[in-house]
Amino acid sequence: MAPQTGGNVQGVIALDPPQLTMAPSAPTVGARPASPTSEPRWVQWLLIAAAIGFLLAFLLLPLLLVFAEALRGGIGAFLAAIREPDALAAIRLTLLVTAITVPLNLVFGVAAAWLVAKHEFRGKRILVSLIDLPFAVSPVVAGLVFILIFGAHGWAWPLIDEGVQLSLPLLGQVHLQLPKIVFALPGIVLATVFVTFPFIARELMPLMEQQGSDEELAALSLGASGWQAFWRVTLPNIRWGLLYGVLLCGARAMGEFGAVSVVSGHIRGRTNTLPLHVEILYNEYAYSAAFAVATLLALSALVTLVLKTWLEWRHGESLAATHRH
Amino acid sequence: MSSVPNPLTPPVGGARASGRQRRVLPGFGLSLGYTLAWLGLIVLIPLAGVFVYASGLGWNGLWRIWTEPRVLAALKISFGTALAAAAFNAVMGTLVAWVLVRYRFPGRRLFDAMIDLPFALPTAVAGIALTALYGGNGWIGRWLEAAGFKVAYTPVGITVALVFIGLPFVVRVVQPVLAETEGELEEAAATLGAGRWNTVWKVVLPTVWPAVLAGFALAFARGVGEYGSVIFIAGNIPMVSEIAPLLITIKLEEFDYAGATAIAVAMLLLSFALLLVINTLQARLARRRGGT
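Keep in mind it's a predicted model, so treat the numbers as computed, not measured.

Reading guide: rules and limits
Residues numbered from 1 in each chain as written. Chains lettered and ligands numbered in written order. Predicted model: local features only at pLDDT ≥ 70, side-chain atom pairs only at ≥ 80, totals over all residues. Helix = DSSP H or I, 4+ residues; strand = E, 2+ residues; numbered from the N terminus. Buried ≥ 20, exposed ≤ 12 C-beta atoms within 10 Å, placed from the backbone. Contact = placed C-beta atoms within 7 Å. Nonpolar A, V, L, I, M, F, W, Y, C, P; charged D, E, K, R; others polar. Expected span 1.5 Å × (residues − 1). Bend = angle between axes of the 7 residues up to and from the residue. UniProt positions renumbered as here; feature names shortened; annotations may be inferred. pLDDT = per-residue confidence, 0-100. Axes fitted to C-alpha atoms, helices over the stretch in contact; angles between N-to-C directions. Parallel < 35°, antiparallel > 145°, perpendicular 65-115°, else oblique. Left-handed = near helix turned anticlockwise from the far one by under 90°. Core = buried A, V, L, I, M, F, W, Y, C linked by C-beta atoms within 7 Å. Pairing = 2+ DSSP bridges.

**Comments concerning the overall build of chain B**
Helix and strand counts for chain B come out as 12 helices and zero strands. Shown N-terminal to C-terminal, the secondary structure of chain B runs as helices and strands in the order α-α-α-α-α-α-α-α-α-α-α-α. C-alpha extents for chain B along the principal axes are approximately 65 × 65 × 30 Å. Counting only residues that meet the buried cut, chain B has 50% of its 292 residues in that class. Long-range pairs, those at least 24 residues apart, make up 79% of the contacts in chain B with a sequence separation of at least 6.

**Things to note about the overall build of chain A**
Scanning chain A from terminus to terminus reveals 13 helices and two strands. Counting the 325 residues in chain A, one finds 46% classified as buried. Sequence separation of at least 24 residues holds for 66% of the intrachain contacts in chain A that already meet a minimum separation of 6.

**Observations regarding the interface of chain A and chain B**
With 104 residues of chain A at the contact, the number on the chain B side is 96 residues. A total of 18 residues in the side of chain A that touches chain B trace back to one element, the largest contributor, which is helix H1 (residues 41-72) of chain A. Split into classes, the residues belonging to the side of chain A that touches chain B amount to 70 nonpolar, 20 polar and 14 charged.

**Points about helix H7 (residues 155-180) of chain B**
All names here are of chain B. When the terminal C-alpha atoms of H7 are compared, their 37 Å separation across 26 residues agrees well with the 38 Å that a helix rising 1.5 Å per residue should span. The axis of H7 is deflected most strongly, by about 40 degrees, at glycine 166, and proline proline 168 appears within four residues downstream. Burial analysis of H7 places 21 of its 26 residues in the buried class, the great majority of the element.

**Considerations on the UniProt feature "domain: ABC transmembrane type-1" (unreviewed entry) in chain A**
Within this structure's numbering, the places UniProt gives as "domain: ABC transmembrane type-1" (unreviewed entry) are residues 91-308 of chain A. Annotation note: span residues 91-308 of chain A, helix share 73%, strand share 5%, distance between end C-alpha atoms 23 Å.

**Things to note about the confidence of the model for chain A**
Overall, the predicted model of chain A reaches an average pLDDT of 85, with 87% of residues at or above 70. pLDDT under 50 marks residues 1-33 of chain A. Its contacts with residues more than four places away, or in other chains, come to 56 contacts.

**Quick word on the UniProt feature "transmembrane region" (unreviewed entry) in chain A**
According to UniProt, the feature "transmembrane region" (unreviewed entry) maps to residues 42-68, 89-116, 136-160, 181-201, 242-265 and 285-307 of chain A in the numbering used here. A helix fraction of 100% and a strand fraction of 0% characterise residues 89-116 of chain A, whose end C-alpha atoms lie 40 Å from each other.

**Notes on helix H12 (residues 257-288) of chain B**
Between its terminal C-alpha atoms H12(B) stretches 46 Å, which fits the 46 Å expected from 32 residues at 1.5 Å a residue. Looking only at H12(B), the buried set comprises Gly259(B), Ala260(B), Thr261(B), Ala262(B), Ile263(B), Ala264(B), Val265(B), Ala266(B), Met267(B), Leu268(B), Ser271(B) and Leu275(B). Structurally, H12(B) contributes buried residues whose contacts are with helix H4 (124-136) and helix H5 (139-150) of chain A together with helix H1 (28-66), helix H2 (69-102), helix H9 (196-225) and helix H11 (244-253) of chain B.

**Some thoughts on the UniProt feature "transmembrane region" (unreviewed entry) in chain B**
The feature "transmembrane region" (unreviewed entry), as annotated in UniProt, sits at residues 36-59, 71-99, 119-140, 152-171, 200-220, 227-248 and 260-281 of chain B in this numbering. Between the C-alpha atoms that bound residues 227-248 of chain B there is a distance of 11 Å. The span itself is 55% helix and 0% strand.

**Let's talk about the packing of H1(A) against helix H13 (residues 287-314) of chain A**
Residue and element names in this part refer to chain A. Taken N-terminus to C-terminus, the directions of H1 and H13 make an angle of 130 degrees; their axes are 7 Å apart at the nearest point. With respect to their mutual orientation, H1 and H13 come out oblique. At the point where H1 passes H13, the crossing takes the left-handed sense. Mapping the contact onto sequence places Leu63, Val66, Phe67, Glu69, Ala70 and Arg72 in H1 and Tyr287, Ser288, Phe291, Ala292, Ala294, Thr295 and Ala298 in H13.

**Some thoughts on the UniProt feature "domain: ABC transmembrane type-1" (unreviewed entry) in chain B**
As recorded in UniProt, the sites labelled "domain: ABC transmembrane type-1" (unreviewed entry) are residues 75-278 of chain B. Secondary structure over residues 75-278 of chain B splits into 79% helix and 0% strand, and the C-alpha atoms at its two ends are 19 Å apart.

**Looking at the nonpolar core**
Leu144(A), Val293(A), Ala294(A), Val125(B) and Ile128(B) are the most contacted members of the largest nonpolar core, which totals 182 residues. Looking at which element gives the most residues to this core, the answer is H7(B), with 15 residues. In contact with Ile128(B), other than residues within four places in its own chain, are Val278(A), Tyr282(A), Ala290(A), Phe291(A), Ala294(A) and Phe232(B).

**Quick notes on the packing of helix H12 (residues 274-283) of chain A against H13(A)**
Residues and elements named next belong to chain A. Where H12 meets H13, the closest approach of the two axes is 8 Å, and the angle between their N-to-C directions is 165 degrees. With respect to H13, the element H12 is oriented roughly antiparallel. Once H12 is placed against H13, the crossing between them reads as left-handed. Together, Leu274, Pro275, His277, Val278, Leu281 and Tyr282 of H12 and Tyr287, Ala289, Ala290, Val293, Ala294, Leu296 and Leu297 of H13 make up the contact between the two elements. When grouped by side-chain class, the residues that make up the contact of H12 with H13 number 12 nonpolar, one polar and no charged.

**So, unusual backbone geometry**
All names here are of chain A. One non-glycine residue, phenylalanine 183, lies in positive phi territory at about 65 degrees. Assignment of secondary structure puts phenylalanine 183 in the loop between strand S2 (172-176) and helix H7 (185-195). Look at phenylalanine 183 and you get partly exposed, because 19 C-beta atoms sit within 10 Å. Unlike most non-glycine residues, tyrosine 285 shows phi in positive territory, near 65 degrees. With respect to the helices and strands, the residue tyrosine 285 is situated in the loop between H12 and H13.

**Some words on the environment of Leu218(B)**
Residues and elements named next belong to chain B. Looking at the element boundaries, leucine 218 is found in helix H9. Assessed through the 26 C-beta atoms surrounding it within 10 Å, leucine 218 is described here as buried. A C-alpha to C-alpha distance of 11 Å links leucine 218 and leucine 83, two positions 135 residues apart in sequence.

**Comments concerning the environment of Thr234(A)**
Residues and elements named next belong to chain A. If you trace the backbone, threonine 234 turns up in helix H10 (residues 226-255). For the pair threonine 234 and glutamine 211, spaced 23 residues apart in sequence, the C-alpha to C-alpha distance is 9.2 Å. Each residue touching threonine 234, except ones within four places of it in the same chain, is listed here: Glu216 and Ala229.

**Things to note about the pairing of strand S1 (residues 164-168) of chain A**
All names here are of chain A. With zero of five residues buried, S1 is to be regarded as a mostly surface element. Pairing of S1 with S2 involves five bridges; the strand directions are antiparallel. Pairing of serine 167 across the sheet is with glutamine 173, part of S2. Hairpin remark: S1 followed by S2, antiparallel, with three residues in the connecting loop; positive phi at leucine 170, about 75 degrees.

If you want it as structure tokens, here you go:
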């Protein structure tokens, strides 16, 4: 987007340097106080004050409070809460789950976006709606779904409990047994993958649609194979959008609570992720410790926000149109 | 089936500039197969499992669970608070989007970046922070309680948590639409003698309504199922401040799989139906305004 057009310098109260975001009808500086295409100044200030007050009460203060509460018991207590073995185990598990979830959704996201953005076929809209489905499902229901299948009363339980003997041609007798899924790592990963399912796909689809197929077609006509066109043309074109999607997916994967809470079983030191550890500490009235562990998650959220904002400003032109500033 | 688009991205699969290229690029079969297999394995088959399980209960069984007073109360609280929070967000989110797009003030970029905090901050962290903030001893709760207004451990507290969770959905959907409204229309209205209030109300806002409604729908859909940020501030008193997702986990802990499944099915059906209504309404609005 062009930063400025003509003499339309924006903002009556332009205390900030001119912004990149276009406000086409914003009034001109030094215009008549009662410009017909802007509000009176006192109305502007009133609206700004209302918006800031609202954002303070609902966004900024809760964030500040996490850090204030965490440090209330002193820095020693803060460090002790983070270094406790159960907390360390929770950190490791959360990172492990995220490290498994994000690549799974990354591969799916790229495949789905390649399919939807580069090809025409019937039922495309329905497919996109189905990919969006996890957005509309409560995380708790997402967890329940896997309990019904893999839990102690689930359909797949015999497969996990005893396994099945299959007699296959050529291979002979094969014993098929699944590992424990619910109340163990696989269940936590499954639930997290479900909840973050659409994140990367939804990021890449509009981006790849905007970019069209011309560059890939050019590569093919010059003799590149399909895979070469993908690795050398498509992937470099979508790399920033991909990073953006990975960022959002990772943030949600690290913080997922409802779905993981249902399938994890809350076994301390073994199936407790960081958010679950926060809950347990809080419910045991160990408030300072709960907030201390919560600061780790809050910090990672802040890093995510900073990176995301940096991507929008620095590489906005290679992101889907709605993220450009 | 209602589509719930990611608020950060426009809908996909609509009109395309280059619709003529039919399967020119390779990889159609591979990506179709992989996408369908993974979608089926992770999302569709497990979700279908819930409905299969529920059908085993029969209509009578389902109805008996749905009409239990505690279940009914939980569903009412979940949908009521989610609607209230989405409505509040529709108003305040539009106001925030307006201020961020139209006005310049110190710290604007910071506030703009902060809008996405609820997407990034884990819900459990948001939950304990909001509870501490709005509780009787909290920075804000203290003043509200002195004024005789109790927030934490009431349905109002649930609504506060859902406002936090739903805010970015409204702002991020309305913001780009507001930025693209044409200044010429406003100038024309002003030239024709319309007052500023009239111009905003009758010229600017009508172009934004479909986006506001879309944001409302997204915030609502997210709010109905929200768990992590709510359970801390809700107080979880049965019949008063117990949300449906929490009741599902309680039933699961009692090994009452039938009860948990019935509530889950009720939530899924109700929110799909509501989203369908909202999507239809939004499509009609957009059509009447000549699309946005």
